[in-house]
Structure formats: structure tokens, C-alpha cells
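Per-entry structural report
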Amino acid sequence: MLATLRPPSVDSEALKAFAASVYGLVGAWNPLEGERDRNFRVLSAAGASVVFKLCHPAEGDSVLLCQAEALEHIAATDPSLPVPRLIRTRDGQPLGRFIQENISYPVMVLSWLDGQVLGEANLTSPGLYELGRMLARLGLALRGFVNGAPATRDLVWDIRHVMRLAPHVDALPPEDRALARSILARHAEVTVPAMRHMRSQIVHGDVHPYNALVASDGQIGGIIDFGDMVHGALILELANAAGDFLTPLQDPAETIFEMVRGFHSVTPLEEAEADVLVDLIEVRLLMTPLIDALKRANGIASQGYFENFNGRSLPMIHELRRIGHDRLHGLVRRAAAFPPRPPRSSSDAAELIARRRKVMGEKLYVFYKPPLHIVKGEGVWLTASDGRRYLDCYNNVPHVGHCHPYVTAAIARQAATLNTNTRYITDQAVDYAERLVDLAGDGLSSVVFVNSGSEANDLAWRMAKAFTGHTGGLAMDFAYHGVSEAIDAFSPSNSPEHWTAPHIRLLTPPDIYRGPFGADDPQVGERYAALADAPIAELQEKGLGVAAAMIDSAFMTNGILDAPQGYLAGIVDRVRRAGGLFIADEVQSGFGRMGTAFWGHRHHGVAPDFITIGKPAGNGHPVGAVITRPEILAHFLKFGPFFSTFGGNNVACAAGIAVLDVIRDENLVENARVTGTYLREGLASLMHKHALIGDVRGVGLATGVELVRDRSSKEPAPAETTRLLSLLRDEGVLIGGEGKHGNILKIRPPIVFTRAHADIAVAAVDRALNRL
Ligand code: PMP
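One structure accompanies this document, and this report is about it.

Topic: the nonpolar core
- With 93 residues, the main nonpolar core has Ile-220 and Phe-245 as its most contacted residues.
- By residue number, the principal contributor to this core is helix α8 (residues 271-297), which donates 13 residues.
- When sequence neighbours within four positions are dropped, the list of residues in contact with Phe-245 reads Leu-118, Leu-123, Leu-131, Val-207, His-208, Pro-209, Ala-212, Ile-220, Thr-255 and Met-259.
- The next biggest cluster of nonpolar side chains, apart from the first, holds 66 residues, and it includes Ala-433, Ala-672, Val-696 and Ile-747.

As C-alpha cells, this is what we get:
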């Protein structure tokens, strides 16, 4: 093994003559330290310096040629990286060959880098951070370098061979042996298998304080000695250096943290790499006393800087243990921007409920008894803390699927780049506004960003009042539009018994199943619309007038109504004739939910004055906006500026854009149409078996199933609905209850729902109804 070699001795005059003839090198020769090579600094009369390396003859040519090629590779890939340049012989060979007494010594000449070796000095925190960056740059510069030598070479410092050093544990102080054995055992059992999956390449592998030159600013200004390159996991570059730069005079936690942070800022660590780093640092530290023992076993005394490393390695391992593996590991994860490992979910649901009651109020307002403790979402699936997966047929916020990778990547990337507000000119807000305007059409070409559906409706309502000069509003009976005080007035479903709002009148929902007019009436749409005449007249008689009607085109809270043809047009017509505007609340019906069109109002063939968006827009990230006509916005702004701090922030807009991309690229509007129809066919087919199903209706992926005790009397079945939802939960299918009577199944899944999912849902409804 090469560690047991000593530098060669040759006749120095012959060597100088060789240097002059082969390299044209003439000057003053000064010896330098080296573990197995005989090294000199040669200073020419003109003041130029080079490093002349007379290499050990046992060092194979292939390894030296690899070094030479690596330096030339770096010179090409990252020319400003401060590493030595190879100086070729006068006739262009990468290596020279000095022969004496029939022994052939390879020679390598390198440019001299200015600066002192760092040695036992300490780097500042910024210096350690910069060192981390430089290590990452080194890795990048060598990433495309291909050479077989480091993979096949037998190098004692190569961590791949560390288990060969295990016998030398017995030469360590007795009190350190158990610790050393446990470090090696963990390495063999955990780290080596993990490293098999890691990105690997040729790495310098030996960036330590005596191979690192400090520049005049005190930071690392050069990395030398490419003699220990190995082919291994990229993380070794960082781990070896981090181990070697730990000194007794500096907080090791800080050293590791800063180096990882620096490295990560250039080359983001992979999570598996971050998770083995502390273990690898310990192994690196342990290698020094083990190699020292190996050398001593071969009669070679440690000398030079190796002695310094050897003296501090074991105490440093103890120091790391004192700080604690978990703490160091946590620091590495933080430096590499990985979230803390979640504490194992020891809190069972009951404990979590108790804790929640304490800090979030006694009343729970959660679904299911006992409530579901959800820990993960993916596509149309939600996973509970007990590991069970549930088919999500309920949630419309994760519109393109829970945690859609494209959307989460867009959010993460933007969050790591810039997140600010619309007081600055930002690309994302303009891009997103343009996309929304394109989709809106109908002359709605102005966008104002807010953060939620409630805020969007609140703002649209303010704008409508400002533009019309009226103060009265129309909402659907049992509607829901949000939480603000103004919008609570539009949301009688918030408190059906106590709802009062003197300036709002309620419209009769166009319920062709349960309402006064049925589908068999050829004028049904117009008849329901005509029911708006009275409330409009009332508002006018009170002197309030009609500022706006706010309507959800999916009639979701009303039980997902199949509003008859012409109904919404009839309402909008009446509202406009009264001088009012139409606010299309697209929080439920927008973004392709209804399958027939991108917007719910389009499904009904009407053009709004406002589109308000929320929930699905950001797939779970808060995104809200009002899209309106420019003259309405301009009029509103006459009364003063409008600015929402978070509205239109870069991350929200990046999320919004990503959602639009996914809807377009995955053809999800069409999917909602086709899959929704298929789903309703499946549900309707259950009607002959289950008398409880009174009606199956809806459009796209908004489906209502109305449960009745008797099909002719249509007596609602709310208790059965509640029990059915609970049985469906047991079946692993999540569906919600809806409607004034609480007797409607609301099936409103992410619109990536497929036929296969629909089959699962229909079969589950069938089984649950059987069990009911
Ligand atoms: N409008 C409609 C139709 C809604 O369904 C909702 C939320 N369920 C809102 C507005 C309010 O949105 P947010 O909760 O984001 O304020």
C-alpha cells in the first residue's frame, strides 16, 4: 500500500540537469514536504515559480497521467478555479521521466500557486462557506472527467478500502476501540449501501488545510495536490474536507454547517448525501489514527502535518459525539435546506385532538368521527397516520392532484429565488395575469391579485358598488362565498337560521329535482330566473338598487344543481337591466371543474363582469384574484389605491402558472368532462339497487347524489347520508355531505381523477349502501 512508501532520494545535480534539458527549468531549488513524492519549488531568475515533483517509481504512470489530465480538464471547465496548471515537457509530454541507476522516476511539473498553506490556522465562517463553495466547484469542474485510474488504484486513503484498516483498531488506545468499531460497523452497514445509490465521479478527495492555500484576504485561494483522487460518491469531497478542517480551536458544528451551506449553494446536496455526511466525517477522522497504526506496523513514523491530524482526530470524534450526532445531522440538513426529519408520529390521533382543542378551540369542525389524521397527499390519494390510503373524492383545492410534482417544484423553485410583492415589477405576476386574461376573454382584461376566494369576492363586491353606485346585492339561497363580513352577507349557508343582511336578497336555487319547477317544464330556466324579479324589485324599492349578483356556477352548496338552460342568462339579464353587475364566483366551478368549459359561467353561456378565483388556482397554495373589465378597475381606483401585501407574490403566481400549465398539458378539462360523465353513469346504475338514491346529477367532476327516504315524497335522508359518509371512509373513500338538508353526497375530486378511480368510488358507494 502506498501509504507505507517514502519519498525517493536521487542525485540532486543530475535532477537539475534533467529539469533544464527536458523542461527548460533553471533556477533556485527549494525542497517541499511530500508524503511519497520528492517535491521542490523551483524559482527562476525571472521570478517565475514551479513545483517540480519527482514521483515515487511505485506510483503507476496511469495515476500520474490521470492527475495531469485532471488539471488540464479543470483548466478547461473552470479556468478561474485556483488549482495548479500542468506544465508539459518541452516536447509536449504531460510527464517527464528521470532515470537513475536503472530506476525510472516519473516527473510532473506544475505551476506554483501563491499563498501560504492554511495549516493550523483557522478559517472564519465566511472563509469556511467559501471553502464549501470551492469544493462544490471542484466537483463540478471534475464532473465530466473520465479516467479509469482512480477507480482501479489501490489507495489506502480511499474510503472504499476503509474496512481493511479494521485490524488496526487494536492499536488504538483501549478506551477508543469500541467507538472505532461502532463507527466502522455503521459505515459498513448503513453508509456503504447508501453510497451505492449516490452520484459518483472522480473527486480530489483530499482537500485538507495543508493542501489549501490561503490568499491575502485570509480565504482559501488555492487547492493543490491531486495525488489522492478517487472515484467515489461526490459527497466524499465535502465529507473528507469537513473532517480535515475541524480543529480544536473552532466549533466543529459551525465548521460543518458553513462548509455544507457553501457547498449546497453551488451544488445542492441530495437528501441521502446530507444524511450520511456526519457518519462520513467520523470515518474520515478515524482513518488517520488507523493509517498511523498501519504505518507504524510497517516501521514508518508519522511526520509532518500527518502527525498534527493524527493527534487531533480521536479527540475530535469525541467532541462530535459530545455535540451529538442528531444535532450535527440536523445542522447538515438545515445547511442543505432540507426540512427537519419529522419526529416519528408518536402522537396518536386522540392525543393530537386533545392538543388541538387546547390551542384551536373546543369545537373541532372536522370531518368524521374519529377525525382523520392525514399525513401525506399524492394525486387523488390521501394517506393517514396509520398508513392507510384514502381515495380523495372530495377535495377540490388540490385541483390537479395533491402535491403535483410540477406545481410543488414551481413553488419551491420560486420560493428559493424570489418572493416579493406587486410594488415591484415582477415577471411572475405579469405572466400569470396575462394567462388569466387570455382565459377570461369577454373583455375582462384587468387582474387584481389577492389571497383567497373570500378576498376576491370582497374586492369584486366593493368594485361593483363603486361602479354602479348601488348598494344592494343578490345571492343564492344557501350560498357560500367566503368569510369576510361583507361576504358573510352573501353566504346564508354560514348560519342558515340566523342569516340576515338588509342589503342582500336571496335567489331561489334552480333545483329541478326538488324545487318548484321540474325538467319536464319546457320553460323551466326562464321560470326560475323570473323568481329573481321580486327580490330585485325589493332592493330597488328600498333605494339600494342592485350592485351585483354573486353566483357560483356549480351551485355547489345547493347540492350541485343541474341549473336548467337559460337560467343563469336570465338572471344576468335581469341584473344588468337593474343596472347591476354579475360576479361569477369561479372558486368552485372554474379551472375546468365542469368539464364543458374552463369557466363555469361559460358552461351556462353567460359573460360576467367579474371572475373571482381562489381555492383550485394554486392547487393548495393561497392564490386569489379578481378579473374584471379595465373601466371597472379604473373607476374603483379613483377612490384610492388598492394593494394586497401577499396578493400576486411571486410564489403564488408561480403556483398559479404551474396549475394552468398542468390543466392545459394534461388535458384536464376534457378529463373532467369524460370522467365525470363516466362516474355519474356508474352512480346512476346503482339506483336500481338502492332506493335511497333519489338523484344523480352534476357536470364534469362536480357530482351530487341526493339521498331520499322515499323517491316519491323525496323526503331527505340526512342521517343516512352522515352514516354513509362514515361507511365510505371505512371503505377508504372520502366524500362530503352537502345541501340545505344535508342529504347530498358531494363528489368533487381533484380533476386528475380517472375512470379507474371512478370505478373504485362507485364500488365503494355500492358496498357502503349495502351495509347501511
Ligand atoms: N366562493 C366559493 C364558491 C367557495 O366555495 C369558497 C370556499 N369554499 C369561497 C368563495 C371562499 O374561498 P376562501 O376559503 O379561499 O376564502
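Once the structure has been displayed, the description carries forward.
What to know about the packing of aromatic side chains
- All chains considered together, the criterion is met by 21 aromatic pairs.
- Between the aromatic rings of Trp-29 and Phe-40, the centroid separation amounts to 5.3 Å while the plane-to-plane angle is 65°, which identifies the pairing as edge-to-face. Of this pair, Trp-29 sits in strand β1 (residues 28-32) while Phe-40 sits in strand β2 (residues 38-43); the two residues are 11 residues apart in sequence, bridging distant segments of the chain. For the residue pair Trp-29 and Phe-40, the accessibility class agrees, reading buried in each case.
- For the ring pair Trp-461 and Phe-490, a centre distance of 4.8 Å and an interplane angle of 75° mean the geometry is edge-to-face. Taken together, the residues span a long stretch of sequence, with Trp-461 in helix α14 (residues 453-468) and Phe-490 in the loop between α15 (485-488) and β17 (504-507) at a distance of 29 residues. Like Phe-490, Trp-461 is buried.

Focus: the packing of helix α23 (residues 668-684) against helix α25 (residues 755-771)
- Packing of α23 against α25 leaves a shortest axis separation of 9 Å and a crossing angle of 20°. Taken together, the axes of α23 and α25 are roughly parallel relative to one another. Considering the relative orientation of α23 and α25, their crossing is right-handed. From α23, Val-674, Thr-675, Tyr-678, Leu-679, Gly-682 and Leu-683 reach across to α25, where they touch Arg-755, Ala-758, Asp-759, Ala-761, Val-762 and Val-765.

Considerations on the site of the ligand
- As a matter of local geometry, the ligand sits amid Ser-452, Gly-453, Ser-454, Asn-457, Tyr-480, His-481, Gly-482, Asp-585, Val-587, Gln-588 and Lys-615.
- Backbone polar atom of Gly-453 to an oxygen atom of the ligand: 2.9 Å apart, as the coordinates give it.
- In the model, a nitrogen atom of the ligand is placed 2.9 Å from a nitrogen or oxygen of the Lys-615 side chain.
- In isolation the ligand exposes 400 Å². Once the protein is present, 82% of that is buried.
- Breaking the shell around the ligand down by element, the ones donating at least two residues are α14 and α19 (586-589).
- Classifying every residue of the shell around the ligand gives 2 nonpolar, 7 polar and 2 charged.

Notes on the environment of Glu-670
- Inspection of the secondary structure assignment puts Glu-670 in helix α23.
- The sequence separation of Glu-670 and Phe-598 amounts to 72 residues, and the corresponding C-alpha distance is 9.5 Å.
- Side chain to side chain, Glu-670 and Arg-673 meet in a polar contact 2.9 Å long.

Some remarks on the sheet that holds strand β13 (residues 381-384)
- Across the sheet, 4 strands lie side by side as β12-β13-β14-β25; this open sheet has mixed pairing. Only two strands of the sheet have a single neighbouring strand rather than two, namely β12 (374-378) and β25 (733-734).
- Sheet strands touched by α25: β13, β14 (389-392) and β25. Its angle to β14, the strand with the most contacts, is close to 100°.

A closer look at the pattern of salt bridges
- In the structure shown here, the tally under the stated rule is 47 salt bridges.
- Across the pair Asp-275 and Arg-333 runs a salt bridge, and its minimum N-O distance is 3.0 Å. In this pair, Asp-275 sits in helix α8 while Arg-333 sits in helix α10 (residues 325-335), placing the two residues 58 residues apart along the sequence. Just as Asp-275 is buried, Arg-333 falls in that class too.
- Of the charged contacts in the structure, one is a salt bridge between Glu-362 and Arg-357, with a shortest N-O distance of 3.4 Å.
- Residue class for Glu-362 comes out exposed when judged on its relative accessible area of 58%.
- Beyond isolated ion pairs, a larger network of salt bridges with shared partners links Arg-435, Asp-661, Arg-664 and Asp-665.

Section: the packing of α8 against α10
- It is the contact of α8 with α10, at a shortest axis distance of 9 Å, that shows an interaxial angle of 135°. In this view, α8 runs oblique relative to α10, as classed from their interaxial angle. Crossing hand, α8 versus α10: right-handed. On α10, the residues that touch Glu-271, Ala-274, Asp-275, Leu-277, Val-278, Asp-279 and Glu-282 of α8 are His-325, Leu-328, His-329, Val-332 and Arg-333.
- Across the contact of α8 with α10, the residue classes break down as 5 nonpolar, 2 polar and 5 charged.

Here's the deal with the side chain of Asp-176
- With respect to the helices and strands, Asp-176 occurs in helix α5 (residues 174-195).
- For the buried Asp-176, no salt bridge exists, and the shortest N-O distance to an oppositely charged side chain is 8.1 Å, to Arg-177.
- In contact with Asp-176, other than residues within four places in its own chain, are Leu-314 and His-318.

Basis of the calculations
Residues numbered from 1 in each chain as written. Predicted model: local features only at pLDDT ≥ 70, side-chain atom pairs only at ≥ 80, totals over all residues. Heavy atoms only, no water. Core = buried A, V, L, I, M, F, W, Y, C linked by side-chain atoms within 4.5 Å. Buried < 20%, exposed > 50% of the residue type's maximum accessible area, 1.4 Å probe, protein only. Helix = DSSP H or I, 4+ residues; strand = E, 2+ residues; numbered from the N terminus. Contact = heavy atoms within 4.5 Å. Phe/Tyr/Trp six-rings, centres within 6.5 Å; stacked < 30°, edge-to-face > 60°. Axes fitted to C-alpha atoms, helices over the stretch in contact; angles between N-to-C directions. Parallel < 35°, antiparallel > 145°, perpendicular 65-115°, else oblique. Left-handed = near helix turned anticlockwise from the far one by under 90°. Near = heavy atom within 4 Å. Polar contact = N/O pair within 3.5 Å; in protein donor to acceptor, adjacent residues only side chain to side chain. Areas by Shrake-Rupley, 256 points an atom, 1.4 Å probe, with all protein chains shown as cover. Nonpolar A, V, L, I, M, F, W, Y, C, P; charged D, E, K, R; others polar. Pairing = 2+ DSSP bridges. Salt bridge = Lys/Arg side-chain N within 4 Å of Asp/Glu carboxyl O. Lys, Arg positive; Asp, Glu negative; His and termini not counted.

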